[in-house]
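Structural features, examined
For reference, the chains in residue letters:
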Amino acid sequence: MTPHGHPEIASDWVVRFAAAVPSDDAVLDLACGTGRHCRFFLERGHPVTGVDRYSAGVADLLGREGFTLIEADLESGGDWPLGTREFAAVVVTNYLFRPILPHIVGAVSEGGVLIYETFAEGNARFGRPRNPDFLLRPGELLSAVDGALAVIAYEHGEVARPAPALVQRICACRGSGYSAARRLDGGA
């Protein structure tokens with residue numbers, strides 16, 4: 001359990017690249033579910049906007065200073081619920097709906113980062129998800145950011161934690177990759 005009584009902790013990938021997020025700047029947690037990354041970034045002093053179809057997973061955060069929830073079904077075919085808003089970090093984990101990938105990339109502000117991690121083709125041998133609609137093809141995240149964001153790190157392979165899975169993950173920034181990379185290594 002986390003200090004908030006929540007059983008989930010932030011993804012190792014998200015924790016690894018959290019330092020690339022400019023201090024105190026806004027974070028978007030897309031398909032936030034139980035809010036594990038909302039909580040993580042709130043504790044780091046960031047204002048956080050969570051987007052999810054249901055509010056139950058973050059009910060304890062409603063009304064908390066710095067937290068905004070947008071209840072939206074991202075797969076309904078409606079308008080992108082964030083309009084032209086941009087964020088210093090856009091965090092997506094364990095979620096894939098290909099039609100909104102351009103919106104996700106577009107929501108990263110100048111100097112901001114995309115931290116994305118989800119399941120990849122071949123994950124069926126470990127369990128769910130098995131449906132190809134929810135599994136990234138090889139290099140798909142690289143293609144999604146190509147020409148728009150600079151890649152800081154990319155991985156495609158097996159992980160053991162929090163459970164065995166085949167994942168693809170990326171950390172990419174808008175503008176000079178140098179500024180985000182310097183934040184990661186403690187540079188000015």
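Each value, and the rule that gives it
Residues numbered from 1 in each chain as written. Predicted model: local features only at pLDDT ≥ 70, side-chain atom pairs only at ≥ 80, totals over all residues. Heavy atoms only, no water. Helix = DSSP H or I, 4+ residues; strand = E, 2+ residues; numbered from the N terminus. Buried < 20%, exposed > 50% of the residue type's maximum accessible area, 1.4 Å probe, protein only. Polar contact = N/O pair within 3.5 Å; in protein donor to acceptor, adjacent residues only side chain to side chain. Contact = heavy atoms within 4.5 Å. Pairing = 2+ DSSP bridges. Axes fitted to C-alpha atoms, helices over the stretch in contact; angles between N-to-C directions. pLDDT = per-residue confidence, 0-100.

The next subject is the side chain of Asn123. One can find Asn123 in the loop between strand 5 (108–119) and helix 4 (140–145). Among the residues examined, Asn123 registers a relative accessible area of 1% and is labelled buried. Within the structure, the side chain of Asn123 is placed 3.3 Å from the backbone oxygen of Pro129, a separation counted as a polar contact. Setting aside residues no more than four positions away along its own chain, Asn123 makes contact with Arg128, Pro129, Leu135, Ala165 and Leu166.

The mixed open sheet is built from 7 strands, whose spatial order is 3-2-1-4-5-7-6. Edge positions in the sheet fall to strand 3 (67–71) and strand 6 (150–159), since each has one partner strand and no second. Mean inter-strand twist for the sheet, computed between neighbouring axes without regard to direction, equals 10°. In the sheet, strand 1 (residues 27–30) pairs with strand 4 (residues 87–93) via 4 bridges, with the strands oriented parallel. The residue of strand 4 that forms the bridge with Asp29 is Val91.

What follows is about the confidence of the model for the chain. Summary statistics for the chain give a mean pLDDT of 89 and a share of 89% for residues scoring 70 or more. Mean pLDDT across the secondary structure elements of the chain bottoms out at helix 5 (residues 177–184), with 58, and peaks at strand 1, with 98. Confidence drops under a pLDDT of 50 for residues 1–6, and excluding neighbours within four residues, the segment shows 11 contacts in the predicted structure.

A few words on the environment of Leu114. Assignment of secondary structure puts Leu114 in strand 5. Separated by 86 residues in the primary sequence, Leu114 and Leu28 have C-alpha atoms spaced 9.6 Å apart.

It is worth spelling out unusual backbone geometry at this point. Cis rather than trans, the peptide bond between Arg128 and Pro129 has omega equal to -5°. Residue position: Pro129 is located in the loop between strand 5 and helix 4. Cis peptide bonds are those with omega within 30 degrees of zero, and the linkage from Arg161 to Pro162 qualifies with 5°. Assignment of secondary structure puts Pro162 in the loop between strand 6 and strand 7 (165–173). Positive phi outside glycine occurs at Ala31, with the angle close to 55°.

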